[in-house]
Number of protein chains: 2
Amino acid sequence: MKLLKERIRREGNVKPGNVLKVDMFLNHQIDVELMNEIGKEFKRLFGDKKPTKILTIEASGIAIACITAQYFNVPVVFAKKAQSINLDGDSYTTKIESFTHKKVYDVIVSKKYLSRDDRILIVDDFLANGCALLGLIDIVKSAGASLEGIGIVIEKGFQSGGKAIRDMGIDLKSLAIIESMNAETGEVVFSDED
Amino acid sequence: MKLLKERIRREGNVKPGNVLKVDMFLNHQIDVELMNEIGKEFKRLFGDKKPTKILTIEASGIAIACITAQYFNVPVVFAKKAQSINLDGDSYTTKIESFTHKKVYDVIVSKKYLSRDDRILIVDDFLANGCALLGLIDIVKSAGASLEGIGIVIEKGFQSGGKAIRDMGIDLKSLAIIESMNAETGEVVFSDED
């Protein structure tokens, strides 16, 4: 997605340790116009899958999921990190390790909001080692729902998550795949595969 | 807001300890159509304030903020809970205590995304004791920005937060104000003031 790649080139900030900061438009300040372009693109890519729900994980995934859901006319369900006293015990749970926060989280979705009749489109902001996504995939499987596809805004193509998930036969599409990035020069090289 | 109150009556779940669960449409599963009606109502209530940014706090606030921002054509900034290695040190921070999670959080907004030129509309899902909002108000003041108003989806009118914030002279509007609720009968009584 050309608009997104231009935005990453212009406003993304490459930090040591393979960290790409896109705080300016994606995960601290949110450019809602850009989110709408992302939502339209996901609709183009996954519209024929006719999802019944869009699943994501808090926090930045919620912005992408809600704007995207408007193009599909379906509700959003967001997985919660860590146990909350406001959630019933009757939940699907899995554990994931966050690359960003270097922590292990419990990830929870109430059984009320995912069923075997659901056709799920997962969306999220980043894909790196894939831990968060593997957790969400696990939850969709536990619910007996059908996983129709995964839409990612930015994939770090030099990390293993994308390959692992595509090797599972899952229809994973990323709007920008980064082949390499350099914290010293700030340069970001995109793959041609997206 | 009639549509919202009907929804709370029909799908809200009153739990002991003054907990109102609205997981079905607001903070686990999200009804994006309802969010759009909420966004339009905030535009009607605060449109003349001409905010330059909408500020909220992760996680469920992000959904409301992003959909609402579409009616104002402005970006969203969401405050983050707890320190993240992906944030610069150059941030406004404050501490808040969560009623839901019984924890104290650090709340952080990067200085890059709030300035003295900004006119801020704060939106959030719940107002109870007001701790989260007081934290956000504190951050807006630290930035020297102008706080134009606060839009809340559900206010627990029997808790002290609403009065405290209105007494500060802040233009706080809640789309549904709960006067009382009963965990045994499930009954929710709304105030006429909203």
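What counts and how
- Residues numbered from 1 in each chain as written.
- Chains lettered and ligands numbered in written order.
- Predicted model: local features only at pLDDT ≥ 70, side-chain atom pairs only at ≥ 80, totals over all residues.
- Heavy atoms only, no water.
- Helix = DSSP H or I, 4+ residues; strand = E, 2+ residues; numbered from the N terminus.
- Rg over C-alpha atoms; globule rule 2.2 N^0.38 Å.
- Buried < 20%, exposed > 50% of the residue type's maximum accessible area, 1.4 Å probe, protein only.
- Contact = heavy atoms within 4.5 Å.
- Areas by Shrake-Rupley, 256 points an atom, 1.4 Å probe, with all protein chains shown as cover.
- Lys, Arg positive; Asp, Glu negative; His and termini not counted.
- Charge placed at Lys NZ, Arg CZ, Asp CG, Glu CD.
- Axes fitted to C-alpha atoms, helices over the stretch in contact; angles between N-to-C directions.
- Parallel < 35°, antiparallel > 145°, perpendicular 65-115°, else oblique.
- Nonpolar A, V, L, I, M, F, W, Y, C, P; charged D, E, K, R; others polar.
- Least-squares fit on C-alpha atoms with pLDDT ≥ 70 in both.
- Expected span 1.5 Å × (residues − 1).
- Polar contact = N/O pair within 3.5 Å; in protein donor to acceptor, adjacent residues only side chain to side chain.
- pLDDT = per-residue confidence, 0-100.
- Pairing = 2+ DSSP bridges.
- Right-handed = clockwise from strand over helix to strand, strands pointing away.

A. Examining the overall build of chain A more closely. Within chain A one finds five helices and 11 strands. Over its C-alpha atoms chain A spans a radius of gyration of 16 Å, differing by no more than 12% from the 16 Å that the globule rule assigns to 194 residues. By principal-axis analysis of the C-alpha atoms, chain A measures approximately 50 × 35 × 35 Å. Classification of the 194 residues of chain A by burial places 58% in the buried group. Intrachain contacts of chain A at a sequence separation of at least 6 include 59% that bridge at least 24 residues. Looking at chain A as shown, the accessible area adds up to about 8200 Å², and 45% of this sits on carbon and sulfur atoms. With 27 positive and 28 negative side-chain charges, chain A shows a separation of 2 Å between the mean positions of the two kinds.

B. Structural view of the packing of helix H1 (residues 2–11) of chain B against helix H3 (residues 32–46) of chain B. All names here are of chain B. Where H1 meets H3, the closest approach of the two axes is 10 Å, and the angle between their N-to-C directions is 140°. In this view, H1 runs oblique relative to H3, as classed from their interaxial angle. Listed contacts from H3 to Leu3, Leu4 and Arg7 of H1 are Leu34, Glu37 and Ile38. Residue composition of the contact of H1 with H3, by class: four nonpolar, no polar and two charged.

C. Quick peek at the relation of the copies chain B and chain A. You can overlay chain B on chain A at an RMSD of 0.0 Å; the transform is a turn of 180° with a shift of 0.0 Å along its axis. Expressed as a symmetry operation, the mapping of one chain copy onto the other fits a two-fold axis. Within chain B, Ala59(B) has its C-alpha nearest the rotation axis, a separation of 2.6 Å. Interface residue correspondence from chain B to chain A reaches 100%, placing this contact among same-surface, isologous pairings.

D. Structural detail: H3(B). All names here are of chain B. Its 15 residues give H3 an end-to-end C-alpha distance of 20 Å, which sits within 8% of 21 Å, the value for a rise of 1.5 Å per residue. Of the residues making up H3, those classed as buried are Val32, Leu34, Met35, Asn36, Ile38, Gly39, Glu41, Phe42, Leu45 and Phe46. The backbone nitrogen of Glu33 has a side-chain oxygen 3.0 Å away, supplied by the residue at the start of H3, namely Asp31.

E. Structural view of the confidence of the model for chain A. For chain A, per-residue confidence averages 93 on the pLDDT scale, and 93% of positions sit at 70 or higher. At the level of chain-chain contacts, confidence expressed as ipTM amounts to 0.93, with global pTM at 0.94.

F. Spotlight on the pairing of strand S5 (residues 76–81) of chain A. Counting buried residues in S5(A) gives five out of six residues, a clear majority hidden from the surface. Summarising the sheet, strand S4 (residues 53–57) of chain A and S5(A) pair through four bridges and their orientation is parallel. Paired with Ile57(A) across the strands is Ala79(A), a residue of S5(A). Once you follow S4(A) into helix H3 (residues 60–72) of chain A and on to S5(A), the crossover reads as right-handed. One ladder, built from two bridges, connects S5(A) with strand S3 (residues 29–30) of chain B; its direction is antiparallel. Bridge assignment links Val77(A) to a residue of S3(B), and that residue is Gln29(B). Bridge count for S5(A) against strand S7 (residues 103–110) of chain A is two bridges, and the pairing is antiparallel. Pairing of Lys80(A) across the sheet is with Ile108(A), part of S7(A).

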